[in-house]
Amino acid sequence: MQHYFFDLHWDGEQVVDEDGVDHFDDGSAVYYGQRIADKIGRDADYRSLKVHVRAPDGCVLAIIAASAGRVCEQEALIGR
């Protein structure tokens, strides 16, 4: 297991993950980052959200935005 960090960036703001989470590999950590982006990115105030996934050595592995499907889902709910 390796320890990964998930920093949140949106509209010029950022929250740095100082605790992190253990994952089996890079792919698992990136998948987890996508889940974070999709959950938080549903909120209209956080549509610009990007999740920066950092490896244990501090290198950024991925920068992830909310899935396009989540945006369409949210717009469909608003239209009801």
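All figures in this text were calculated on a predicted structure; none of them were measured in a lab.

Draft legend 1. Seen up close, the environment of Tyr32. Position of Tyr32 among the secondary structure elements: in helix H1 (residues 26-41). Here Tyr32 falls in the partly exposed class, since its relative accessible area comes to 33%. In this structure the C-alpha to C-alpha distance between Tyr32 and Val53, which are 21 residues apart in sequence, comes to 9.1 Å. Once residues within four sequence positions are removed from consideration, Tyr32 is found in contact with Phe6, Val21 and His23.

Draft legend 2. Region of the structure containing the nonpolar core. Membership of the largest hydrophobic core is limited to 12 residues, which are Tyr4, Phe6, Leu8, Trp10, Ala29, Ile36, Ala37, Leu49, Val51, Val53, Ala62 and Ile64. If you list the elements that add at least two residues to this core, you get strand E1 (2-10), H1, strand E4 (50-54) and strand E5 (60-65). The leading source of residues in this core is E1, at 4 residues. Not counting residues within four places of it along the chain, the set of residues in contact with Ile64 comprises Val30, Gly33, Gln34, Ala37, Leu49, Lys50, Val51 and Val53.

About the thresholds
- Residues numbered from 1 in each chain as written.
- Predicted model: local features only at pLDDT ≥ 70, side-chain atom pairs only at ≥ 80, totals over all residues.
- Heavy atoms only, no water.
- Helix = DSSP H or I, 4+ residues; strand = E, 2+ residues; numbered from the N terminus.
- Buried < 20%, exposed > 50% of the residue type's maximum accessible area, 1.4 Å probe, protein only.
- Contact = heavy atoms within 4.5 Å.
- Core = buried A, V, L, I, M, F, W, Y, C linked by side-chain atoms within 4.5 Å.

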